[in-house]
Amino acid sequence: MMPPVRGSLTEARPLADLTWLRVGGPADWLFQPADEADLADFLATLDPRVPVFPMGVGSNLIIRDGGLRAVVIRLGRGFNGIRIEGDRVIAGAAALDAHVARRAAEARRDLTFLRTIPGSIGGAVRMNAGCYGSYVADHLVEVRAVTREGRAVTLPASDLGLGYRRSALPEGCVLVEATFRAEAGDPADLARRMDEQIAKRDASQPTKERSAGSTFRNPAGFSSTGRADDTHDLKAWKLIDEAGMRGARRGGAQMSEMHSNFLINTGGATAADLEGLGEEVIKRVFQSSGIELEWEIMRVGEPPVKKE
């Protein structure tokens, strides 16, 4: 028995259309809360044995073909506000990273590093997203969240355990808002810088393909800086190339020919195809270099139920 809600609560909801890779089975339930109070009431009333999985826009996610035995919580319009207060930019967890960067720039605030990061602010905080040498951790002041028990809490950035593509948020905790400190900047200069970042990204990454961004973390422990002196030692793409896996395929899954650290759905791929190809890449890279790549894409859910 599910608690009453003011938002939308759907049983056995297929999730493939909610992820950038367009794969995955159904969630037991999909909850889209009307607002923070609706979310808090739902979590406070929900049987504590029922797992919850907060989901953003599915830009960095493989949901396995058997789906998720959980309540998937997906924030929408009630959680995508953006406001600027002095040097602070406060963004709802459902606000898209690119929108936050643009709105901040219009208000003379520099969060340009967010412009090329796919996804929403909640996911960016959870993964300490970053590019070109800047990370969420460099700017984040605090977050507001609702705990699995339905309590609203404010957590300083220092409590989140932010590292390279990692955080240590409490299990079942749903981020609802993040506050960033942003340096001042000239709107025209910031817009030009974002345009340059987009052009650089589009020239080197398969942005028109179905992908989930970078597939594996860089063993070097940092993302590309984009500077002329950037070193490619211990970059995931270089190790994948050296293992001969650029362009490798399994079913409808492929490691991109354009950027070998991008796993793409060329059409008709299953989650098993994508995850299986990724695991094969890990195996081949280890055989080639002795280095074990770590997934950057989150993988959740159950394998498909085998038919008798």
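Scroll up a little and you will see the structure.
Small disclaimer: the values here were computed from a predicted structure and weren't measured.

Procedures and definitions
- Residues numbered from 1 in each chain as written.
- Predicted model: local features only at pLDDT ≥ 70, side-chain atom pairs only at ≥ 80, totals over all residues.
- Heavy atoms only, no water.
- Buried < 20%, exposed > 50% of the residue type's maximum accessible area, 1.4 Å probe, protein only.
- Helix = DSSP H or I, 4+ residues; strand = E, 2+ residues; numbered from the N terminus.
- Contact = heavy atoms within 4.5 Å.
- Polar contact = N/O pair within 3.5 Å; in protein donor to acceptor, adjacent residues only side chain to side chain.
- Pairing = 2+ DSSP bridges.
- Axes fitted to C-alpha atoms, helices over the stretch in contact; angles between N-to-C directions.
- Phe/Tyr/Trp six-rings, centres within 6.5 Å; stacked < 30°, edge-to-face > 60°.
- Salt bridge = Lys/Arg side-chain N within 4 Å of Asp/Glu carboxyl O.
- 1 Å grid on protein atoms, 1.4 Å probe; cavity = no way out; pocket = protein on both sides within 12 Å on 5 of 7 lines; lining within 4 Å.
- Points joined across faces, edges and corners; volume = space filled by probe spheres on them.
- Nonpolar A, V, L, I, M, F, W, Y, C, P; charged D, E, K, R; others polar.

**Quick look at helix α1 (residues 36-45)**
Residues of α1 that are buried include every one of D38, L39, A40, F42 and L43, and no others. Close packing links the buried residues of α1 with β1 (8-14), β2 (26-32), β3 (52-55), β5 (68-74), β11 (140-146) and β13 (174-181). One side-chain oxygen of the residue at the start of α1 lies 3.3 Å from the amide nitrogen of A37, identifying that residue as D35.

**Details of the sheet that holds strand β15 (residues 210-214)**
Strand pairing in a sheet relies on backbone hydrogen bonds, with the paired strands running either antiparallel or parallel. Strand order across the open sheet formed by four strands is β15-β18-β17-β16, with antiparallel pairing between neighbours. Whereas interior strands pair on both sides, the edge strands pair on one side only; in this sheet they are β15 and β16 (249-250). Where β16 and strand β17 (residues 253-255) come together, two bridges link them in antiparallel fashion. Bridged to R249 within β17 is Q254. Across the sheet, helix α6 (residues 271-289) lies against β16, β17 and β18 (262-265), angled at about 35° from β17, the strand it touches most.

**Focus: the packing of aromatic side chains**
Aromatic ring pairs are described here by two measures, namely the spacing of the ring centres and the angle between the planes. All told, the structure shown has two aromatic pairs when counted by the stated rule. Summarising the aromatic geometry, the rings of F216 and W295 are spaced 5.1 Å apart at their centres and angled 50° between planes, so their arrangement reads as tilted. Taken together, the residues span a long stretch of sequence, with F216 in the loop between β15 and α5 (236-242) and W295 in the loop between α6 and β19 (298-300) at a distance of 79 residues. Residue W295 is classed as buried on the basis of its relative accessible area, which comes to 8%.

**Let's talk about the pattern of salt bridges**
Taken as a whole and judged by the stated rule, the model has 24 salt bridges. As a salt-bridge pair, R201 and D202 come within 3.2 Å of each other at their nearest N and O atoms.

**Some points on the side chain of N218**
Its location among the elements puts N218 in the loop between β15 and α5. Judged by its relative accessible area of 12%, N218 falls in the buried class. Polar side-chain contacts of N218 include one of 2.9 Å to the backbone nitrogen of A236.

**Comments concerning the sheet that holds β3**
Spatially, four strands are ordered β1-β2-β5-β3 in an open sheet, and the strand pairing comes out mixed. Strands at the two margins of the open sheet, each flanked by one partner only, are β1 and β3. Each strand axis lies, on average, 30° off the axis of its neighbour in the sheet, ignoring direction. Pairing between β2 and β5: four bridges, direction parallel. In the strand pairing of β5, A27 is matched with L68.

**So, the layout of surface pockets**
Of the volumes computed, that of the second largest pocket is approximately 330 Å³. Lining of the second largest pocket is provided by 17 residues; of these, F53, R126, L169, E171 and M298 occupy positions nearest its centre. Every element with two or more residues in the lining of the second largest pocket is listed here: β3 and β19. Looking at which element gives the most residues to the lining of the second largest pocket, the answer is β3, with three residues. Each residue belonging to the lining of the second largest pocket can be placed in one class, and the counts come to 10 nonpolar, two polar and five charged.

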